[in-house]
Amino acid sequence: MVTSKTPKTMYKKLIHFLGDALMETTKKNGRRRREEASPPSLELPPEIIREILIRLPAKSIGRFRCVSKLFRSLSSDPKFAKIHIDLTIRNDTVSPKLIVSSHNLYALDLDSIGCEGIRDLAAKELDYPLKEDPIKFDEMIKCHVGENLLRLNPERYRRNWVEIIGSSHGLVCISPCEGAVFLYNPTTGESKRLPEMITGEEFQTHGFGFHDDYKVVKLVADGENVLNASVYSLKEDTWRWIRDLSYEHKDCFSSGVTLDGAVHWVFTNDNQRVVLAFDVKTEEFREMLLPGEEAEDCAHSYRNFVVGVLNGRLCVVNSCYEVHDDVWVMNEYGVESSWSRIRISLLYRSMKPLCSSKNGEEVLLELDGDMVLYNFETDASRYLGIRGVKLSDGFEADAYVESLVSPNSYGFVN
């Protein structure tokens, strides 16, 4: 029986073959140095080795760096890292990972999420900036949980809460404590702290995206309905004021969500809720109307909307003290008439789509503090946990692609 293989499967097999070839070359060269009398072994030219390395997953390249100075030299060039992440994303050859924040940072394979029968996921604890900063930690914990609770259960609150602002093009933007924002590579552990902006704001929110440059946008309240918009460019390593915006910010308590080269939030303008989009390339803002009266049919006085991404489409969900069972999805990006309402078999007060499983049929949700895998075709659902992590304390999560991009040297790449 002949079975067809997808281009992605064949590409992965080729990558594994090339990796094995590199390892074999390394072993032969080692034996050649030890056995001077033996015939010369096959040695690949550096330019061929570079072309092989650049098509391997970031983790594999990291392992090769440990066995060869040549491999380390070839793969440490910032231009190599840029080409590598561009190829990885364009060819869709590597499954994304999930970064999870819950009194710590963890990484787990998205491939394991879709495996039938697995409910207790294995995760790797990550090293990240300010992880063991006791001063920032004590200030935050005493403020939020109180000194008495901290004494009763110090292990439960032993580290800072890390806000995951967003993920884009191999880097993750995080805030491990108030006022500190970092660009962070979970694969290599490298990070860069962004310059601080001295403001007396009562409200702020961030967004993170990429278009030929990594950019962080920051919206800061300056007055009742005025938002100062600024953007940080990694290449320039500086903040720039863009413009002032006139919006109420009662809906926006979380970071913006990135899709199609833009960062999105829900704000209110003239008593009408809108999706506000920041174009990362042009650094311009645009509005998209919400579905209309049907989306506003919640009777609760505290009506909040959260923007998200559902299987590659923009969506908004309710987040308030009333129970809901629906999601609004924009089927054609930017086309306001394409909003449609999807009913689900789960009831929720707060929900946010996190990512899709590898088969694209299931979506990982944060639903009332639980991690739930939901199938929008069959309405089947499965509650998941992470081994050794108490998700009941709350969590944030986002998908990211492993890369070799250094936030400290990216600006030097032409």
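Since we're looking at a predicted model, the values are computed, not measured.

J.: Before we go on, may I ask you to explain the pattern of salt bridges in this structure?
T.: Where side chains of opposite charge bring their charged atoms close, a pairing between them can arise. Across all of its chains, the model carries 13 salt bridges by this definition. As a salt-bridge pair, Asp 109 and Lys 97 come within 2.1 Å of each other at their nearest N and O atoms. Highlighted residues: Asp 109 in strand E2 (residues 105–109) and Lys 97 in strand E1 (residues 97–101), separated in sequence by twelve residues. Since its relative accessible area comes to 40%, Asp 109 is described here as partly exposed. One salt bridge connects Arg 193 with Glu 196, and the closest N-O pair in it is separated by 2.8 Å. Classification of Arg 193 by relative accessible area gives partly exposed; the value is 36%. Connected through shared salt-bridge partners, Lys 215, Glu 236, Arg 240 and Glu 283 make up one network.

J.: Explain the pairing of strand E5 (residues 163–168) to me, please; I cannot follow it from the model alone.
T.: Put simply, side chains in a regular strand alternate between the two faces of the sheet. With five of six residues buried, E5 lies mostly within the body of the structure. Strand direction decides the pairing type here: E5 and strand E6 (residues 171–177), joined by five bridges, are antiparallel. Its bridge partner being in E6, Ser 167 is matched across the sheet by Val 172. Taking the residues between adjacent antiparallel strands as the criterion, E5 and E6 are bridged by two residues, where His 169 takes a positive phi near 55 degrees.

J.: How do you make sense of unusual backbone geometry when you look at a structure like this?
T.: Negative phi values dominate among residues other than glycine, just as trans dominates among peptide bonds. Of note, Asp 237 is a non-glycine position whose phi angle comes to about 55 degrees, a positive value. When its relative accessible area of 34% is taken as the criterion, Asp 237 is described as partly exposed. Unlike most non-glycine residues, Asp 379 shows phi in positive territory, near 65 degrees. The exposure class of Asp 379 is partly exposed, given its relative accessible area of 35%.

J.: Before we go on, may I ask you to explain the pairing of strand E11 (residues 226–233) in this structure?
T.: Of all eight residues in E11, seven are buried, a share of seventy percent or more. Sheet topology places strand E10 (residues 214–221) next to E11; seven bridges connect them, and they run antiparallel. Among the inter-strand pairings, Val 217 is bridged to a residue of E11, identified as Val 231. Strand direction decides the pairing type here: E11 and strand E12 (residues 238–246), joined by eight bridges, are antiparallel. Within E12, the position partnered with Ser 233 by the bridge is Thr 238.

Conventions used here
- Residues numbered from 1 in each chain as written.
- Predicted model: local features only at pLDDT ≥ 70, side-chain atom pairs only at ≥ 80, totals over all residues.
- Heavy atoms only, no water.
- Salt bridge = Lys/Arg side-chain N within 4 Å of Asp/Glu carboxyl O.
- Helix = DSSP H or I, 4+ residues; strand = E, 2+ residues; numbered from the N terminus.
- Buried < 20%, exposed > 50% of the residue type's maximum accessible area, 1.4 Å probe, protein only.
- Pairing = 2+ DSSP bridges.

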